[in-house]
Amino acid sequence: MIQLGIDVVEELKLLLPSYYDLVVPSIVIDELVSLKKKVKGKDKIACSIALQIAQSDNFIIEHIDKTDHVDNLLLNLCTDVDVLCTNDKILRKRAKKRGITVVYLRQHRFLEVDGYINTS
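Scope of this entry: the structure provided in the associated data block. (Residues numbered from 1 in each chain as written. Predicted model: local features only at pLDDT ≥ 70, side-chain atom pairs only at ≥ 80, totals over all residues. Heavy atoms only, no water.)

Examining the overall build of the chain
A tally of helices and strands in the chain yields 5 helices and 5 strands. Secondary structure of the chain in N-to-C order comes out as α-β-α-α-β-α-β-α-β-β. Based on the C-alpha atoms only, the size of the chain along its principal axes is roughly 40 × 35 × 25 Å. The proportion of buried residues among the 120 residues of the chain is 34%. Restricting to contacts in the chain with at least 6 residues of sequence separation, those with at least 24 account for 49%. In the structure as shown, the chain presents an accessible area of about 8000 Å², 52% of it carried by carbon and sulfur atoms. For the chain, the distance from the average site of its 17 positive side-chain charges to the average site of its 17 negative ones is 10 Å. (Helix = DSSP H or I, 4+ residues; strand = E, 2+ residues; numbered from the N terminus. Buried < 20%, exposed > 50% of the residue type's maximum accessible area, 1.4 Å probe, protein only. Contact = heavy atoms within 4.5 Å. Areas by Shrake-Rupley, 256 points an atom, 1.4 Å probe, with all protein chains shown as cover. Lys, Arg positive; Asp, Glu negative; His and termini not counted. Charge placed at Lys NZ, Arg CZ, Asp CG, Glu CD.)

Here it is in structure tokens:
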């Protein structure tokens, strides 16, 4: 998303009602840190930028102990009134089966909603 020049934070703020909090689980931060050590070039830069964004004042970091696979923990963290943001196709399908709304990048240009965003 970052490599494509999308301002995810602003797009999420436009897409979601104002009472939604933007939350990043600590396990996602940990995964980005780990990934940043393994990749090079544009992917490393993208990880660095993603970390800066995730650790910015726009997001609340929620501490989660890594007791399972990250995808399983994310699915268990979300309820049917939450919105999960991911481009991982398998995670999107699993979330949909559980009734969790998913936001993902579509056509490399905009955010798409799969499910229902609670507006009340």
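A short note on the side chain of Thr86
Tracing the chain through its elements places Thr86 in the loop between strand S3 (83-85) and helix H5 (89-97). In contact with Thr86, other than residues within four places in its own chain, are Leu91, Arg92, Val102, Val103 and Tyr104.

Some remarks on the environment of Leu32
Within the secondary structure, Leu32 is located in helix H2 (residues 26-38). Linking Leu32 and Lys44, residues 12 residues apart in sequence, is a C-alpha distance of 9.6 Å. For Leu32, the residues in contact, after removing those within four places along its chain, are Cys47, Ala50 and Leu51.

Section: H2
Within an α-helix, residues lying three or four positions from one another point in the same direction, as the helix has 3.6 residues per turn. Spanning 13 residues, H2 covers 19 Å between terminal C-alpha atoms, matching the ideal 18 Å at 1.5 Å per step. What H2 keeps buried is the set Ser26, Ile27, Ile29 and Leu32. (Expected span 1.5 Å × (residues − 1).)

Observations regarding the sheet that holds strand S4 (residues 101-106)
The strand order across the open sheet formed by 3 strands is S3-S4-S5, and the pairing between neighbours is mixed. Looking along the sheet, the strands with just one partner apiece sit at the ends: S3 and strand S5 (110-114). The average angle at which neighbouring strand axes cross in this sheet is 30°, direction not considered. Bridge analysis of S4 against S5 gives 5 bridges, and the strand direction is antiparallel. Among the inter-strand pairings, Leu105 is bridged to a residue of S5, identified as Leu111. Seen against the sheet, helix H1 (residues 8-15) touches S3, S4 and S5 and runs at an angle of roughly 45° to S5. Each of S3, S4 and S5 touches H5; the most contacted strand, S4, lies at about 150° to it. (Pairing = 2+ DSSP bridges. Axes fitted to C-alpha atoms, helices over the stretch in contact; angles between N-to-C directions.)

Some thoughts on the pairing of S4
Burial analysis of S4 places 5 of its 6 residues in the buried class, the great majority of the element. Bridge count for S3 against S4 is 3 bridges, and the pairing is parallel. Following the sheet pairing, Cys85 is matched in S4 by Val103. Between S4 and S5, which pair antiparallel one after the other, the connecting turn spans 3 residues, and Gln107 there sits at a positive phi close to 55°.

A short note on the environment of Val103
With respect to the secondary-structure elements, Val103 resides in strand S4. Along the primary structure Val103 and Val113 are separated by 10 residues, whereas in three dimensions their C-alpha atoms are 4.6 Å apart. Once you skip the residues sitting within four places of it in the chain, Val103 turns out to touch Leu12, Leu15, Val83, Leu84, Cys85, Thr86, Leu111, Glu112 and Val113.

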